[in-house]
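If you want the building blocks of each chain, they are given just below.
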Amino acid sequence: VFFFSSRRRHTRQRSVSWARRCVQETGINAEYMGIQQWQRMVITTNTCYFTEYKIYPGRGIKFISRDCKVHYLISKKCTAFFNRKTKAVKLNWTQAWRRYFQKSKAEQAVKKRVKRKQKIQKAIEGLSLEAIQKMKNPDQKKTVR
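On a predicted model such as this, the values are computed, not experimentally measured, just so you know.

Peer 1: Please provide a residue-by-residue account of the overall build of the chain, values included.
Peer 2: A tally of helices and strands in the chain yields eight helices and five strands. In sequence order, the chain lays out its α and β elements as β-α-α-α-β-β-β-β-α-α-α-α-α. Taken over 145 residues, the chain has a buried fraction of 17%. Of the contacts made within the chain by residues no fewer than 6 positions apart, 36% connect residues no fewer than 24 positions apart. When the accessible surface of the chain is split by element, carbon and sulfur atoms take 50% of a total near 13,600 Å².

Quick look at the structure:
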């Protein structure tokens, strides 16, 4: 069993607001400062094996079990539950519990809507549609017969 901590210290990335402020103060072209590149920056994330939350770089623990399966865990709390072999469905703060008890609205919207059958009346051979409708009305039943 191995634990790898992915915390990086003393690393700082410039934010988009910093680049915008520099452009406003200096009047340099925005493309020259690379603002568009900052906004489009792609961050690779992993999902927590226990809670299914996103784990951003510099956070979480990488757990490799004896059968060489890699599990990413977001916090010590998740690690403790994972080591105790607690089911995520039994804890109401996990995504698995929300899915099991159908609490999320996103999944309810995805549900398939059942189309109900529409009743269509057609004329029968020998009787017109108007005659069939007259037979269905209780007042006119006696007169038609």
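Peer 1: Describe the pairing of strand β5 (residues 70-73), with residues and values.
Peer 2: Of the two faces of β5, only one is covered, namely that formed by His-71 and Leu-73; the face formed by Val-70 and Tyr-72 stays uncovered. Between strand β4 (residues 61-64) and β5, which pair antiparallel in sequence order, lie five residues; one of them, Cys-68, sits at a positive phi of approximately 65°.

Peer 1: Go over the confidence of the model for the chain, please, and point to the residues and values.
Peer 2: The share of residues in the chain with pLDDT of 70 or more is 63%, and the mean pLDDT across the chain is 77. Within the model, the stretch residues 9-14 combines pLDDT values under 50 with two contacts to residues more than four positions away or in other chains.

Peer 1: How would you sum up the packing of aromatic side chains? Please name residues and give values.
Peer 2: For the coordinates displayed, the defined rule picks out seven aromatic pairs. Relative to Phe-82, the ring of Tyr-49 has its centre 5.5 Å away and its plane inclined at 85°; by these criteria the two rings are edge-to-face. Residue Tyr-49 is located in the loop between β2 (46-47) and β3 (54-55), and its partner Phe-82 is located in helix α4 (residues 76-83); the two are separated by 33 residues in the primary sequence. Tyr-49 gets classed as partly exposed once you look at its relative accessible area, which sits at 49%. You can call Phe-82 buried: its relative accessible area is 17%. Ring centres 5.0 Å apart and planes at 85° place the aromatic pair Tyr-100 and Phe-101 in the edge-to-face group. Under the relative-accessibility criterion, Tyr-100 is labelled exposed at 57%. Classification of Phe-101 by relative accessible area gives partly exposed; the value is 41%. Feature note: the residues Tyr-49, Phe-63 and Phe-82 constitute an aromatic cluster, connected by ring pairs.

Peer 1: Explain a nonpolar patch on the surface to me, using residue names and the numbers behind them.
Peer 2: Together, Val-89, Tyr-100 and Phe-101 make up a nonpolar patch on the protein surface, roughly 300 Å² of accessible area in all. Its place among the elements puts Tyr-100 in helix α5 (residues 95-100).

Peer 1: Account for the side chain of Thr-79, with residues named and values stated.
Peer 2: Position of Thr-79 among the secondary structure elements: in helix α4. At 2.8 Å, the side chain of Thr-79 forms a polar contact with the backbone oxygen of Ser-75.

Peer 1: How would you summarise the environment of Ser-75 if you had to cite specific residues and measurements?
Peer 2: Structurally, Ser-75 is set in the loop between β5 and α4. Classification of Ser-75 by relative accessible area gives partly exposed; the value is 28%. A sequence separation of 15 residues divides Ser-75 from Gly-60, and the C-alpha atoms of the two residues are 5.7 Å apart.

Cut-offs applied
Residues numbered from 1 in each chain as written. Predicted model: local features only at pLDDT ≥ 70, side-chain atom pairs only at ≥ 80, totals over all residues. Heavy atoms only, no water. Helix = DSSP H or I, 4+ residues; strand = E, 2+ residues; numbered from the N terminus. Buried < 20%, exposed > 50% of the residue type's maximum accessible area, 1.4 Å probe, protein only. Contact = heavy atoms within 4.5 Å. Areas by Shrake-Rupley, 256 points an atom, 1.4 Å probe, with all protein chains shown as cover. Pairing = 2+ DSSP bridges. pLDDT = per-residue confidence, 0-100. Phe/Tyr/Trp six-rings, centres within 6.5 Å; stacked < 30°, edge-to-face > 60°. Patch = residues over 30% accessible without salt bridge, like charges linked within 9 Å, V, L, I, M, F, W, Y side chains within 5 Å. Salt bridge = Lys/Arg side-chain N within 4 Å of Asp/Glu carboxyl O. Polar contact = N/O pair within 3.5 Å; in protein donor to acceptor, adjacent residues only side chain to side chain.

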